Amino acid sequence: MYSTLEVSVADGVATLVLNRPRQRNAIDMVMRQELLQAVHQMARDPQVQAVVLAGAGGHFCAGGDVKSMGRIASAEKGRQRMLDLQPLVLALLQLDKPLVAAVEGVALGAGFGLALTADFIVAGGDARFCCSFARVGLVPDFATAFTLPRILGLQRAKALVFSARELPATEALQQGLVTEVCDSGAALRRAHELALLLANGSPTAFSLAKRMLLASFQSDVGTMLAMEADAQGIAYTSDYHTDAVQRFFAKEAPRLSWPAPASEPETA
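Conventions and cut-offs
Residues numbered from 1 in each chain as written. Predicted model: local features only at pLDDT ≥ 70, side-chain atom pairs only at ≥ 80, totals over all residues. Heavy atoms only, no water. Phe/Tyr/Trp six-rings, centres within 6.5 Å; stacked < 30°, edge-to-face > 60°. Buried < 20%, exposed > 50% of the residue type's maximum accessible area, 1.4 Å probe, protein only. Lys NZ or Arg CZ within 6 Å of the ring centre and 35° of its normal. 1 Å grid on protein atoms, 1.4 Å probe; cavity = no way out; pocket = protein on both sides within 12 Å on 5 of 7 lines; lining within 4 Å. Points joined across faces, edges and corners; volume = space filled by probe spheres on them. Helix = DSSP H or I, 4+ residues; strand = E, 2+ residues; numbered from the N terminus. Contact = heavy atoms within 4.5 Å. Nonpolar A, V, L, I, M, F, W, Y, C, P; charged D, E, K, R; others polar. Salt bridge = Lys/Arg side-chain N within 4 Å of Asp/Glu carboxyl O. Pairing = 2+ DSSP bridges. Right-handed = clockwise from strand over helix to strand, strands pointing away.

Asks: Hey, could you run me through the packing of aromatic side chains in this one?
Replies: Within a pair of aromatic rings, the relevant descriptors are the distance that separates the centres and the angle that separates the planes. Applying the stated criterion to the full structure yields 1 aromatic pair. Between the aromatic rings of Phe-248 and Phe-249, the centroid separation amounts to 5.4 Å while the plane-to-plane angle is 80°, which identifies the pairing as edge-to-face. No difference in accessibility class separates Phe-248 from Phe-249, as the two residues are exposed. Over the face of the ring belonging to Phe-146 we find Arg-150, whose NZ or CZ atom lies 3.8 Å from the ring centre.

As structure tokens, then:
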């Protein structure tokens, strides 16, 4: 179905792999449309409980495909190019299911922004992150100006935007940009492990929690408390919650139990 993606679904997890390895998975107009179609497909598929996003050929994504951009002759055309991208950005940010990015190699520019739309980022040891727009005289896109300050704080976000410097995986972990760092070449496997675990969580609770968290920075405490009450009222009635309570009283293990990070040994 797709010329720029590899898509598979197994055990409740959908895996979307950017598949333009010769271009380091740079995003062209075809990939934009195919990603949007695939994300919508995963959102509608009741068999999909979590999604993994990765890149083929040892890199996550080198950003927008410069060759496909050409010369943008007017502000109106440049603005329209960005407006046309927004449905994909919103589809990723508003995806009601957990999204895990597996980053090997480079995540540059729009590829950096793409990674930041994920709920979890697992980085291989050779991963490099860069908000590279300033290098070519552009402002951050792919919602980076929205996601980055929320992850790092305003001052650290400014430092990365204005300097356009690269962050190696270890520094990205220290700053809180990524969830875990694992061995080079192991990011997709580890991301899939986490997605399989997340697929055991409550679809209702995850969906409601993601909506609440996405709204939290634009809302006051009263609004958030109202959302909390409404969402919890719904979650209380879910089959998942009923089963979880039964498991609790039966002293059975919960269906969702988070593992130790891949870089740390599990303890007894």
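Asks: Sorry, what's going on with empty space enclosed by the protein here?
Replies: Picture a little ball the size of a water molecule; that probe, rolled over the atoms, points out where space is still empty. Tallying each qualifying case throughout the model produces 1 cavity of 30 Å³ or more. What the largest cavity holds in volume is close to 40 Å³. Lining the largest cavity are Arg-32, Gln-33, Leu-36, Asp-84, Leu-85, Pro-87 and Leu-88. When contributions to the lining of the largest cavity are tallied by element, the ones reaching two or more residues are helix H1 (29–44) and helix H3 (75–93). Counting residues per element, the lining of the largest cavity draws most heavily on H3, at 4 residues.

Asks: Is there a simple way to think about the side chain of Asn-25 in this case?
Replies: Of note, Asn-25 is situated in the loop between strand S2 (13–18) and H1. By relative accessible area, which is 0% here, Asn-25 ends up buried. With residues up to four places along the chain from it excluded, the contact list for Asn-25 reads Leu-18, Asn-19, Arg-20, Met-31, Gly-55, Ala-56, His-59, Phe-60, Cys-61 and Ala-62.

Asks: Please clarify how the layout of surface pockets should be interpreted in this entry.
Replies: Of the volumes computed, that of the second largest pocket is approximately 650 Å³. Residue lining of the second largest pocket: 26 residues in total, with Leu-116, Thr-117, Ala-118, Asp-119 and Leu-213 positioned closest to the centre. Contributing elements (two or more residues each) for the lining of the second largest pocket: H3, helix H4 (110–116), strand S6 (120–124), helix H5 (144–152) and helix H9 (203–215). Here the element with the most residues in the lining of the second largest pocket is H9; it accounts for 5 residues. Residues of the lining of the second largest pocket, tallied by class, amount to 18 nonpolar, 5 polar and 3 charged.

Asks: Please explain the pattern of salt bridges as it appears in this structure.
Replies: Two side chains of opposite charge can pair, provided their charged atoms sit close to one another. One pass over the structure, following the stated rule, counts 11 salt bridges. Among the ionic pairs, Glu-180 bridges to Arg-190, the shortest N-O distance being 2.8 Å. With a gap of 10 residues between them, Glu-180 in strand S9 (residues 180–182) and Arg-190 in helix H8 (residues 187–198) connect regions that are remote in the sequence. Accessibility classification places Glu-180 together with Arg-190 in one group, the buried group. A single salt-bridge network, built from bridges that share partners, covers Glu-180, Arg-189, Arg-190 and Glu-193.

Asks: Would you explain the pairing of strand S3 (residues 50–55) in this entry?
Replies: Side-chain direction in a regular strand flips from residue to residue, so the side chains alternate between the two faces of the sheet. The element S3 is largely enclosed, with a buried count of 5 among its 6 residues. Pairing of S2 with S3, which is carried by 6 bridges, proceeds in the parallel orientation. Counterpart to Thr-15 in the pairing with S3 is Val-52. For the crossover from S2 across H1 to S3, the handedness is right-handed. Here S3 runs beside strand S4 (residues 99–103); their pairing, made up of 3 bridges, is parallel. Of the residues in S4, the one forming a bridge with Val-52 is Val-100.

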